[in-house]
Amino acid sequence: MLKLLTRNLISAIVLLIAFAVPSALAAHRSQNAIFHATSQRRAHGRVQHQHHHRKPSRKPHRRLQLLKARTLASTSATILLGENSIESYTDYVSAGQAEAFRFQATSSDTAGTLHVYLDSRNSARTLIVGLYASSGAHPGSLLSAGSISSVQAGTWDSVPLTPTLLVAGRTYWLAVLGELGALRYRDRKYGPCPSETSAQTTLGGLPVFWKTGKVYPTCPVSAYVTPAPLIFEPPAPVEPVSTEPVSKEPAPPPPSEPTPPPAPPTNISLPGVSGTAVQGQSLSASPGSWSGSPTSFAYQWQDCDSSGTNCSNREGATGSAYTLGLSDVGHTIRVTVTATNAAGSASATSTSVGPVTALPPSASFTVTPSSPVAGSPIIFDGSSSSCPDGPCTYDWSDDGSTTRPVPALWPLGSGQVLQFTFSSSGTKYVRLVVTDATGQTATAEHNVVVEATPPPPPPPPNAPSNTAPPTVSGAAQVGQSLVAGSGAWSGATPIGYAYQWQDCNTSGEACANIAGATSTEYAPSGADVGHTIRVVVTASNSAGNASEASPATAAVQSNSVNCTATVTPSTSASAIAGAIVSAHNGDTVCLSAGSYPSLTVSGAVHSAYVTVRPAPGATVTVAGMEVRNSSFLRFEGLRMTEGFNMRDSSTGSSHDYQFVENRFEEPLYGIVLYGGSAPIKKVLV
């Protein structure tokens, strides 16, 4: 950056000389002097020369050569990253909330301008944009930012950026933020890349470090970045031109400018420190802005006095974050950042933050015994309090009410642990006040009921007694899961429960324990087919235990599947829908393993359930399914890319749907019911 500014300043000075000197010479010698001007301009990486010749006049004179400064280099054809097409989906964020979109840089150059297409309904009056480095698949630290307060809707808005080098192939995040209204822009719904909103919703500018709110599949956004323009290059020196007739030979090319040596980094804006200056909190450093494209940054945290002077390095504190300790209390903190590139290093120091304050004390205490008696000692123990900035004092009092009087009404004593004996019974409003070395205080108050006589001993505990039998839920079928409910029990708490599953005959009798089946769930096996299942729950407490059995299930069924019709991924969507519509009551339509397109089923009216499921052992993925004006359909074991849309027209009658063990790949989708003239009834999920 410094190199570019120096070159531009030299160019401007030489350009003035180039125009001023020939004019003065021409006025002195002749009003009819003839000049030969040469202009240079750069086009697509090549330098072109144009020569203009005039015939010499009859009066003697000298020709002088003028050089025009090269104008701003056009960068309109170069996109470093982003999308310059206008997407069709209108998206927005509320004022004060930012959204970032992930892109990969296609070219290496210095970012100069960020262009955003704002929708015609945009109401934000200020547009703030920025570029973030990528960190762990999320935006990390802010690299560059810019803003404009004159926003135009329904067109591209261009925002100058603070210069930052982008490297081809690296991932960056492009962020937008609006103020004084909702920011509306264009992006692609369910695009190939992620976007995410900021966790903060009251931002006045882009944060130095990004905090993720929610992640969306809306990307890319209609926004792109172009390079920073080159302002000037040094003009050629002014030289007199011979009065001889100009040769038609082409002029030799000018000598190439030697490449200047690289310069070490130069600080543009100081490093920053964010965070709360409180003991135990963490401070984070941002490197600031630098020219010279630093390749690395080193950090050194420093501890200073309360006025921000007399600073010294904190040993070992060389990361971008620093956690404040007790020794930092009363001091200020700053960070020195050293930027390095191939030419060398340079350092810059942030302003100090603080002074650091100590964590305030906290007060809490216990009372022993829990039911004290008048005339017997009571132990008040405040060791559970905390007081980081010592030495600390612990003062006890009886306030006479829940309101703290100042000074204390009846002081009881001091010390972290206090033993005290009340001579009378009643409620005592005991308060502990903890004061640290800086004068910060914390209090805790307990209403201590002091009995006149010892309370009677508690009654002995009761053993568990069943008040409602255990339950078994789930399908009694091989491969399905049965789940036990403990039932209801009385007795002294706490009560623990143990489970034992049993295999019984078809009448639910002659039951025997199933080996190893002692959890709350049990999956019937082939050996259980034709048998019933029950669970025995044993409840235990300190007084004993008791057992109770659940009612037996229905006879366990096998998991065999009888496919009355089978389709394959090569079967057309309409043919698959036709198989479901034409199936007989109680039929099973099986789908062979593979992926299927989105299916639309209309008019599949049945009076007994028709099952649509994968063939035995098959894994089936269906893009989505819409069902209209149908009844008695069961969808089982399908893997859905999108969900089920169940529709009913004003003249149709949709009812009796079952959805069993289906899996939805996207959390945005599920089962949607659209009722027409009446709601869709009898749906089992």
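Residues numbered from 1 in each chain as written. Predicted model: local features only at pLDDT ≥ 70, side-chain atom pairs only at ≥ 80, totals over all residues. Heavy atoms only, no water.

**Re the overall build of the chain**
Per the secondary structure count, the chain includes 2 helices and 55 strands. Here the chain holds 685 residues, and the buried ones make up 36% of them. (Helix = DSSP H or I, 4+ residues; strand = E, 2+ residues; numbered from the N terminus. Buried < 20%, exposed > 50% of the residue type's maximum accessible area, 1.4 Å probe, protein only.)

**Let's talk about helix H2 (residues 573-582)**
An α-helical turn contains 3.6 residues, so a residue and the one three or four places further along point in the same direction. Every buried residue of H2 is listed here: Ile576, Ala577, Ala579 and Ile580. Taken around the axis of H2, the buried residues stretch over an arc of 155 degrees, which confines them to a single face. In this structure, H2 carries Ser574 and Ser582 as exposed residues pointing more than 90 degrees from its buried face. On its buried face, H2 is in contact with strand E42 (565-567), strand E43 (588-591), strand E44 (594-596), strand E45 (599-602), strand E46 (605-614) and strand E49 (631-636). (Arc of directions from axis to C-beta. Contact = heavy atoms within 4.5 Å.)

**A look at the sheet that holds strand E53 (residues 663-664)**
Backbone hydrogen bonds hold the strands of a sheet together, and the pairing may be parallel or antiparallel. Within the open sheet, the 4 strands sit side by side as E44-E47-E50-E53. Their pairing is parallel. A strand with exactly one partner marks an edge of an open sheet, and here the two such strands are E44 and E53. Taken together, the 3 bridges between E44 and strand E47 (residues 620-622) define a ladder with parallel strand orientation. Each bridged residue has a counterpart across the sheet, and for Gly594 the counterpart in E47 is Val620. (Pairing = 2+ DSSP bridges.)

**Overview of the state of the cysteines**
By the definition in use, this model includes 5 disulfides. Cys304 shares a disulfide with Cys311; S-S distance 2.0 Å. Its S-S torsion of approximately 110 degrees makes the covalent link between Cys304 and Cys311 right-handed. A relative accessible area of 1% means that Cys304 is categorised as buried. The side chain of Cys504 participates in a disulfide bridge whose partner is Cys511; the two sulfur atoms lie 2.0 Å from each other. As the torsion about the S-S bond is roughly 110 degrees, the Cys504-Cys511 disulfide counts as right-handed. You can call Cys504 buried: its relative accessible area is 1%. (Disulfide = S-S within 2.5 Å.)

**Let's talk about the nonpolar core**
Ranked by size, the top nonpolar core spans 28 residues in total, and within it Leu114, Leu174 and Val225 carry the most contacts. Within the residue set of this core, elements represented by two or more residues are strand E6 (98-104), strand E7 (109-118), strand E8 (126-135), strand E10 (155-166), strand E11 (171-179), strand E12 (183-187) and strand E15 (223-227). Here this core gets 4 residues from one element, more than from any other, and that element is E7. When residues no more than four places from it in sequence are discounted, the contact partners of Val225 are Thr78, Ile79, Leu80, Leu81, Ala111, Thr113, Leu114, Leu131, Leu161, Leu166 and Leu174. Formed by 27 residues, the second largest nonpolar core is a distinct cluster that contains Val567, Ala579, Leu633 and Leu638. (Core = buried A, V, L, I, M, F, W, Y, C linked by side-chain atoms within 4.5 Å.)

**Structural notes on the side chain of Glu196**
Mapped onto the fold, Glu196 is located in strand E13 (residues 195-198). Despite its burial, Glu196 pairs with no opposite charge, the nearest such side chain being Arg102 at 8.1 Å. Within polar-contact distance, the side chain of Glu196 engages the side chain of Trp210 at 3.1 Å. Side chain to side chain, Glu196 and Thr212 meet in a polar contact 2.5 Å long. (Lys, Arg positive; Asp, Glu negative; His and termini not counted. Salt bridge = Lys/Arg side-chain N within 4 Å of Asp/Glu carboxyl O. Polar contact = N/O pair within 3.5 Å; in protein donor to acceptor, adjacent residues only side chain to side chain.)

**Quick word on the pairing of strand E51 (residues 644-647)**
Burial along E51 is one-sided: Phe644 and Met646 are buried, and none of Asn645 and Arg647, which face the opposite way, are. When strand E48 (residues 625-628) meets E51, the two strands line up parallel, connected through 4 bridges. Opposite Glu626, over in E51, you have Asn645 as the bridge partner. For E51 and strand E54 (residues 671-674), the ladder comprises 4 bridges, and the chain directions are parallel. Among the inter-strand pairings, Asn645 is bridged to a residue of E54, identified as Val672.

**Things to note about the confidence of the model for the chain**
With 82% of its residues at a pLDDT of 70 or more, the chain has an overall mean of 82. Note on residues 1-8: pLDDT under 50 across the span, and 13 contacts to partners over four residues away in sequence or across chains. Below a pLDDT of 50 lies the segment residues 238-243, which in the model reaches 16 contacts outside its immediate sequence neighbourhood of four places, other chains included. (pLDDT = per-residue confidence, 0-100.)

**Points about the side chain of Thr164**
In this fold, Thr164 is placed in strand E10. On the accessibility criterion, Thr164 (14% relative accessible area) is buried. Not counting chain neighbours up to four residues away, the residues in contact with Thr164 comprise Asp109, Thr110, Ala111, Leu131, Leu143 and Ser144.

**A short note on the environment of Asp656**
Within the secondary structure, Asp656 sits in strand E52 (residues 655-660). Take Asp656: its relative accessible area is 8%, and that puts it in the buried class. Measuring from C-alpha to C-alpha, the distance between Asp656 and Tyr609 comes to 8.2 Å, with 47 residues separating the pair along the chain. Once you skip the residues sitting within four places of it in the chain, Asp656 turns out to touch Tyr609, Ser631, Phe632, Leu633, Lys681 and Lys682. At 2.4 Å, the side chain of Asp656 and the side chain of His655 are in polar contact.

**A few points about the packing of aromatic side chains**
Each pair of aromatic rings is reported with the distance of its centres and the angle of its planes. Summed over all chains, the structure comprises 17 aromatic pairs. Ring geometry for Tyr132 and Trp210: centres 5.3 Å apart, planes at 75 degrees, overall edge-to-face. Taken as a pair, Tyr132 in strand E8 and Trp210 in the loop between E13 and strand E14 (212-216) lie far apart in primary sequence, 78 residues in all. Centre to centre, the rings of Trp156 and Tyr224 are 5.3 Å apart; their planes meet at 65 degrees, and the pair counts as edge-to-face. Of this pair, Trp156 sits in strand E10 while Tyr224 sits in strand E15, placing them 68 residues apart in sequence. (Phe/Tyr/Trp six-rings, centres within 6.5 Å; stacked < 30°, edge-to-face > 60°.)

**Observations concerning the sheet that holds E14**
The antiparallel open sheet is built from 6 strands, whose spatial order is E9-E8-E11-E6-E13-E14. Each of the sheet's edge strands pairs with one partner strand only, and the pair in question is strand E9 (138-148) and E14. Along the sheet, successive strands turn relative to each other by an average axial angle of 25 degrees, direction set aside. Judged from the 3 bridges that link them, E13 and E14 form a sheet pairing that is antiparallel. Of the residues in E14, the one forming a bridge with Ser195 is Tyr216. (Axes fitted to C-alpha atoms, helices over the stretch in contact; angles between N-to-C directions.)

**Description of a nonpolar patch on the surface**
On the surface, Leu673, Val683 and Val685 cluster together to form a nonpolar patch covering roughly 260 Å² of accessible area. As for its position among the elements, Val685 is in the segment after strand E55 (681-684). Look at Val685 and you get exposed, because its relative accessible area is 73%. (Patch = residues over 30% accessible without salt bridge, like charges linked within 9 Å, V, L, I, M, F, W, Y side chains within 5 Å. Areas by Shrake-Rupley, 256 points an atom, 1.4 Å probe, with all protein chains shown as cover.)

**Re the pattern of salt bridges**
Throughout the structure, instances matching the rule amount to 9 salt bridges. Glu87 serves as the salt-bridge partner of Arg188, at 3.0 Å between the closest nitrogen and oxygen. Of the two residues, Arg188 is situated in the loop between E12 and E13 and Glu87 in the loop between strand E4 (81-82) and strand E5 (89-93); the sequence distance between them amounts to 101 residues. A salt bridge links Arg634 to Glu636, with the shortest nitrogen-to-oxygen separation between them at 3.0 Å.

**Side note on the pairing of strand E19 (residues 282-286)**
Here strand E18 (residues 272-274) pairs with E19 via 3 bridges, running antiparallel. The partner of Gly272 across the bridge, within E19, is Ser286.

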